[in-house]
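# Observations on the model geometry
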Amino acid sequence: MSSSRRATPRRLVRPATVVGGLFLLLVVLALLAIPFLSAPGHAEDARTELTAAKDALDAGDTDEAVAAVERAREETDDLQGSVQGIGGDVWSWVPVAGGPVRDVRRLGNALDELVAVAETGVRILPQVRGEESTLVNDGNVDIEVLESVIDDLREVSTRLADAQAELADVADSRPVVGGRLAEARDQAQGEVDPLADGLESIDPLLDHLPKILGRDASRQYLVALLNPAEMLFSGGTPQTFVTVDLDRGRLSMGETVDLSTAPGAAQPRYWRKVSGNPLHRGKMKPALATMAPDWRVSGNELANAWRSLRGRRLAGVVVIDVVAISRLLDVSGPLEVPTLGTLTGDNLVEKLIGSYDDYPEPAQRKAVNRALAPVFVDRLLSGNDPVGTGRSLGQAADERRFALFFRSPEEQAVFDDLGLTGRLSDTEHDYIGVFTQNKVPSKSDYWQRRTVSTDVVVRKDGSARVRMEVEVHNDSPPYVQPVPDPGQGYFTRWNTLSIAPFLPTGATFDSVAVDGEPLQTSPRNFFGRYFIRPEIEFAPQARHTLAVTYDVPAAAVRDGDGLAYRLAIDPQGMVDPQGVRVRVSFPRGYAVDDELPDGWSTRGGRVATYTTDALETIESFEILAHP
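The text that follows walks through the structure, step by step, so that each part is easy to find. (Residues numbered from 1 in each chain as written. Predicted model: local features only at pLDDT ≥ 70, side-chain atom pairs only at ≥ 80, totals over all residues. Heavy atoms only, no water.)

### Here we look at the overall build of the chain
Each helix and strand in the chain was counted, giving 13 helices and 27 strands. When burial is assessed residue by residue, the chain has 49% of its 627 residues classed as buried. Nonlocal contacts in the chain, meaning residues at least 24 apart in sequence, comprise 69% of its contacts between residues at least 6 apart. (Helix = DSSP H or I, 4+ residues; strand = E, 2+ residues; numbered from the N terminus. Buried < 20%, exposed > 50% of the residue type's maximum accessible area, 1.4 Å probe, protein only. Contact = heavy atoms within 4.5 Å.)

Listed below in structure tokens is the structure:
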């Protein structure tokens, strides 16, 4: 007898049941998605409040900034509550819709970090800025507060890095929303990345700053004021000095002196030469210590010269010229100076170095300069507007009017990376660096007008032949003193200059001429750059032109099938910045690309030109040409 198994009847799922279940699921998902509808509004409101907080801080209204950040926090918390709950968890796993949901949550997380950064900012800002500052008081720095602020800045860096990570995971495009979330990501990255990069750049400084301010041991720095009416290759001549001692943040200033009141400053003497500096030979006057155009060399020379005068080893040197101080007054407010009255950013340069005729007695002028040095130090460390002061000094460093030198190699490297050490531009390609030096003591550089023009012919191998012309105009006004013009001193309208073009690394001179007459010179080597320094006398209103030709081994580099011409330009801290003209010709068969840096132009052929009437800051360019 055979046995058989009875089949279990299969339960059929009715279509209505399927539809009902799907409908229920959609209802649940829709209910869970309701909070998402408010997310864009919360995000926009939070962003608006953060912008309001920034504007309030710029206006100095800390209370309103705090209130705006608090409102931004409320909006962000509402946003996070709407997208990070169970609804967000469920929707993030739904096919197709899950991707945009995950990106919205990432944007919410990034915004949450940014608001936390703003909260830290409005908390620490009163500590470091304004009359209520606890960081700086009467020029003294509270080291404990400084270290607390540094810890807060490190926390900000971490939060910004977290925000960057969240934003980096937002997709370029998603179904349904397309690229809208990516646009929000890009906008946020435009705010976050500069902040993160800025903090990353100063992070090494945070390690050294307490030590620089004397946390571990007393330190002495020399502050030197530069006069650009009398130029050295490095910029204005240092003529007024004050020492600053820092001991656990407490500041004390020494006596302010100048070249006439500092014993021995005007007498030739020996001091430790910076190895390799061709501009230091034998006995020298400390007044000429800063001839080298690179302040990493000149700052070191000045520190060594000062030690030979005073016997104490300096921790560093701070140099700033009169033009940079005038810009600093735009931030810190006017000065009241005896005999000169109210000095502002608009009138300081003219009153201090442009009106020697009004002060027949040099002692009067020197007394004013000595009064200015401690005032500068006081303004620098006042703490009233550290952000504005920092920006002003950063701009001055870009103009080569402000520089720092530190004896410690580690500290020097930190400030070198920040571009605050007055170094010459690093480049293996083409370079323009023309510097003049006043050979006969005078203040006539106040009227120096200079234009540097180069004609660059690039070869197919990237090398180039360059012809440079340096035209200098001694645009001095009529002599007004009752005695004949002596040709030197405070009141003369004559000028005698050493004009020194420094070549790109590895470049060599081919010819030199002054006003069309060939000149025999002996180029010298300055740490890999050859230079010459012919001496030319300028009568009032005279013009002279120095012309040089030289070969650059790697003015351009290969860029695929094209050539990339690279040029760096260093200014000299003149009262009236020099003009620059550059004409670059690529080999036949090449055409300059249409996208050019600011200041450059082309007519569609193989020639590109650059023109500026006032080279204010250090510049670096790349010009592309392709077959």
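### What about helix H13 (residues 409-417)?
Residues of H13 that are buried: Glu411, Gln412, Val414, Phe415 and Asp416. Count one or two residues on from H13 and you reach Gly419, which has phi positive near 75 degrees.

### A short note on the pattern of salt bridges
For the coordinates displayed, the defined rule picks out 31 salt bridges. Put simply, Asp455 and Arg583 hold a salt bridge, and the shortest N to O gap is 3.8 Å. Placement of Asp455 in strand E12 (residues 448-458) and of Arg583 in strand E23 (residues 579-585) is noted, with a sequence separation of 128 residues between them. On the basis of relative accessibility, which here comes to 37%, the residue Arg583 falls in the partly exposed class. Asp510 is the partner of Arg465 in a salt bridge, and the nearest nitrogen-oxygen pair spans 3.7 Å. Placement of the pair is Arg465 in strand E13 (residues 464-474) and Asp510 in strand E15 (residues 508-514), with a sequence separation of 45 residues. Salt bridges sharing partners connect three or more residues here, namely Asp294, Arg296, Asp416, Arg423 and Asp426. (Salt bridge = Lys/Arg side-chain N within 4 Å of Asp/Glu carboxyl O.)

### Section: the pairing of strand E19 (residues 535-538)
With burial as the criterion, only one face of E19 is covered, namely that bearing Ile536 and Phe538; the residues Glu535 and Glu537 on the opposite face remain uncovered. Examined bridge by bridge, strand E14 (residues 495-502) and E19 share four bridges and lie antiparallel to one another. Residue pairing in the sheet places Ser498 in a bridge with Glu535 of E19. (Pairing = 2+ DSSP bridges.)

### Observations concerning the packing of helix H9 (residues 322-332) against helix H12 (residues 386-398)
Put simply, H9 and H12 touch, their axes get as near as 9 Å, and they point 160 degrees apart. As the angle between them shows, H9 and H12 are arranged roughly antiparallel. As for how H9 packs across H12, the hand of that crossing is right-handed. Mapping the contact onto sequence places Ala324, Arg327, Leu328 and Val331 in H9 and Gly388, Thr389, Ser392, Leu393 and Ala396 in H12. (Axes fitted to C-alpha atoms, helices over the stretch in contact; angles between N-to-C directions. Parallel < 35°, antiparallel > 145°, perpendicular 65-115°, else oblique. Left-handed = near helix turned anticlockwise from the far one by under 90°.)

### Regarding the environment of Ala118
Within the secondary structure, Ala118 sits in helix H5 (residues 98-128). Between the C-alpha atoms of Ala118 and Glu70, which are 48 residues apart in sequence, the distance is 9.5 Å. What Ala118 contacts, discounting residues up to four positions off in sequence, is Leu50 and Val69.

### Looking at the pairing of strand E27 (residues 619-626)
Pairing of strand E22 (residues 562-570) with E27, which is carried by seven bridges, proceeds in the antiparallel orientation. If you follow Ala568 over to E27, its bridge partner there is Ser620. Sheet analysis places strand E24 (residues 591-592) next to E27, joined by two bridges and oriented antiparallel. Bridge pairing in E27 places Ala591 opposite His626.

### What to know about the packing of aromatic side chains
Going through the model one piece at a time under the given rule, you end up with 14 aromatic pairs. Taken together, a centroid distance of 5.3 Å and an interplanar angle of 35 degrees make the contact between Phe241 and Trp306 tilted. With a gap of 65 residues between them, Phe241 in strand E4 (residues 235-247) and Trp306 in helix H8 (residues 295-310) connect regions that are remote in the sequence. The buried category is assigned to Phe241, whose relative accessible area is 4%. For Trp306, a relative accessible area of 5% translates into the label buried. Here Phe502 and Phe531 contribute two aromatic rings whose centre-to-centre distance is 4.6 Å and whose plane-to-plane angle is 5 degrees, an arrangement assigned as stacked. In this pair, Phe502 is assigned in strand E14 and Phe531 in strand E18 (residues 529-531), connecting sequence segments 29 residues apart. What makes Phe502 buried here is its relative accessible area of 0%. Following the ring pairs from residue to residue traces out a cluster consisting of Phe233, Phe435, Phe502, Phe526, Phe527 and Phe531. (Phe/Tyr/Trp six-rings, centres within 6.5 Å; stacked < 30°, edge-to-face > 60°.)

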